[in-house]
Amino acid sequence: MRVSVFGLGYVGCVSAACLASMGHEVIGVDVNQVKVDLVNEGKAPVVEERIADLTAEVVRAGALRATRDVREAIRGSEISLICVGTPSEPNGSLCTTYLERVTEQIGAALAERGGRQTIVFRSTMLPGTCLNLLVPILEKYVGGTAGVSFGVAVNPEFLREGTSVRDFFDPPKTVIGELDPASGDAVAALYEGLPGEVFRVPIPTAEAIKYADNAFHGLKIGFANEVGAVCRALGVDSHQVMDVFLADRKLNISPAYLRPGFAFGGSCLPKDLRSFVHAARRADVSVPILAHVLPSNSDHLQRAVELVERTGKRRVGLFGLSFKPGTDDLRESPLVELAERLFGRGYDLRIYDANVSLSRLIGANREYIETRLPHLAQLLATSVDDVLDHAEVCLVGTRDPDVLAALPHGGPVLIDLVRVPDADARRAEPGYVGLAW
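Residues numbered from 1 in each chain as written. Predicted model: local features only at pLDDT ≥ 70, side-chain atom pairs only at ≥ 80, totals over all residues. Heavy atoms only, no water.

Where we set the bar: UniProt positions are given in the numbering used here, feature names are shortened, and annotations may be inferred rather than shown by experiment.
As recorded in an unreviewed UniProt entry, the chain goes by GDP-mannose 6-dehydrogenase and comes from Streptomyces hundungensis. The chain has a UniProt comment under Sequence similarities (unreviewed entry) that states "Belongs to the UDP-glucose/GDP-mannose dehydrogenase family." Under Pathway (unreviewed entry), UniProt gives the following word-for-word description of the chain: "Glycan biosynthesis; alginate biosynthesis."

This is the structure:
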């Protein structure tokens, strides 16, 4: 099929490259010229497992190219995937500005071109957004009726950063919210041959499924961390407790995310919880558990700050900055928040993350870090040893093998945010502190 993908962030970049590798002819579209140039040079605009080689391969084969020209992309495709960001507004509501803008542009381009096109929204959005906001925009600009003049579908993604290419080719499920059968057929054809069950559902159901997934994922992480913190205060090994808890596969459902660790973050869970809770409040629906997941997460992050404060030392090293290993995504990373709090309290901070280079950050990543941690350039170290030579207290927020191999025994105070593999052995050392174990 001839496919256009709007938005070349993590979801769009991965979707475009993977679809191209399946034999589709793909055009990527982004307003950021740097991202467009990178793709056309065969380079991925994000750091992600396997994406660099895959992008180079499909660009070299002529299966993927990129442009800023919406009309060119619409002329060269029969199905369009919308993968633009839906960040949180200051009050926690969902920002649909980018969705509305790209929908207007696509509608105008379709009006010029004519012929049926299927518009597929991959961006996370609240139930009702597609039918009540985006479809009327398309109908206005196209001058036709949805389901007749053009197709519409919602196809949420279930790609975890760090393993998104793997997840694309081996999805837990494929969800297609279809306005009409023809629209659903077009989306199903895109993924023909991939494993996993396919669910063809009404559009609002598809919109809600992503929120149900992410709300539950966030709830699981916060639950495990609170249990871990209480166990630590009582002198109980929280991981032994959770090992027994996880042995119950019948009632406790899944082991995913159910290990005490550091706070959660990233571009999905925080904003989706905020917008879901905001929507519930607007509808006068009480959701006390969901409403307290983010405050619980923030309190868990604050525990790390308090552990540093209790040492009485001022020179601090932080290993890890991106929200997840193997990526350079800094958006709502709990480690960025931790660095911001420590720097704001006057600590002499040095940071090392092998995947984060200020010169390579672009788009939403760069905008986020310039807003939250504008002094990053002076805080970033070039090696693990630079941090170790500086720090009296080391915060370990990554399982990078190079970092783990270099961590000394009996050296600076070691505050473990991720439960390093030799945590049990290190627990006997006077300088080792586990966040929740």
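1. Details of the sheet that holds strand E6 (residues 151-154)
How we decide: Strands pair, by our definition, only if DSSP identifies at least two bridges between them. A run of DSSP states H or I qualifies as a helix once it reaches four residues; a run of E qualifies as a strand once it reaches two. Both are numbered from the N-terminal end. Angles shown run from 0 to 180 degrees and are taken between the N-to-C directions of axes, each axis being a line fitted to C-alpha atoms and, for helices, limited to the stretch in contact.
With respect to topology, eight strands assemble into an open sheet ordered E3-E2-E1-E4-E5-E6-E7-E8, the strand pairing being mixed. Pairing within the sheet leaves two strands with one partner each, and these edge strands are strand E3 (64-67) and strand E8 (198-201). Strand after strand, the sheet turns through a mean of 25° between neighbouring axes, direction not considered. Across four bridges, the pairing between strand E7 (residues 174-178) and E8 is parallel. Considered in E8, the bridge of Val175 is made with Phe199.

2. Examining unusual backbone geometry
Trans peptide bonds make up most of the peptide bonds, and negative phi angles are found at most residues other than glycine. Positioned with a positive phi, Arg50 is a non-glycine residue whose angle comes to about 75°. Summarising the element assignment, Arg50 is placed in the loop between helix H2 (33-40) and helix H3 (51-60). Positioned with a positive phi, Asp284 is a non-glycine residue whose angle comes to about 60°. With respect to the helices and strands, Asp284 occurs in the loop between helix H11 (269-282) and helix H12 (288-291).

3. Concerning the domain arrangement of the chain
Heads up, the rule is: Each domain's extent was defined by an automatic or database domain assignment. It only takes one pair of heavy atoms within 4.5 Å for two residues to be counted as in contact. Two parts placed together each lose some accessible area under a 1.4 Å probe, and adding up what both lose gives the buried area.
Per the domain assignment, the segments of the chain are domain 1 (2-203) and domain 2 (296-434). Averaged C-alpha coordinates put domain 1 and domain 2 at centres separated by 35 Å. Listed as interface residues are 12 residues of domain 1 and, on the opposing side, 13 residues of domain 2. Between domain 1 and domain 2 the total buried area reaches about 860 Å² when both faces are included, carbon and sulfur atoms providing 52% of it. Sorting the residues of domain 1 by area buried against domain 2 places Tyr10, Val47 and Glu161 first, and these three jointly supply 60% of that buried surface.

4. Here we look at a nonpolar patch on the surface
How we decide: Patches were defined on residues exceeding 30% relative accessible area and lacking a salt bridge, with like-charge contacts within 9 Å and nonpolar side-chain contacts (Val, Leu, Ile, Met, Phe, Trp, Tyr) within 5 Å. Using a 1.4 Å probe, accessible areas were evaluated by the Shrake-Rupley method; residue-level cover was limited to the displayed protein chains. Here, a salt bridge means any Lys or Arg side-chain nitrogen found within 4 Å of an Asp or Glu carboxyl oxygen. A 1.4 Å probe rolled over the protein chains alone gives each residue an accessible area, and that area as a share of the maximum for its type sets the label: buried under 20%, exposed over 50%, partly exposed in between.
Where nonpolar side chains cluster on the molecular surface, the patch consists of Val230, Leu234, Val236 and Val241 and spans about 340 Å² of accessible area. Note that Val230 resides in helix H9 (residues 203-233). Judged by its relative accessible area of 48%, Val230 falls in the partly exposed class.

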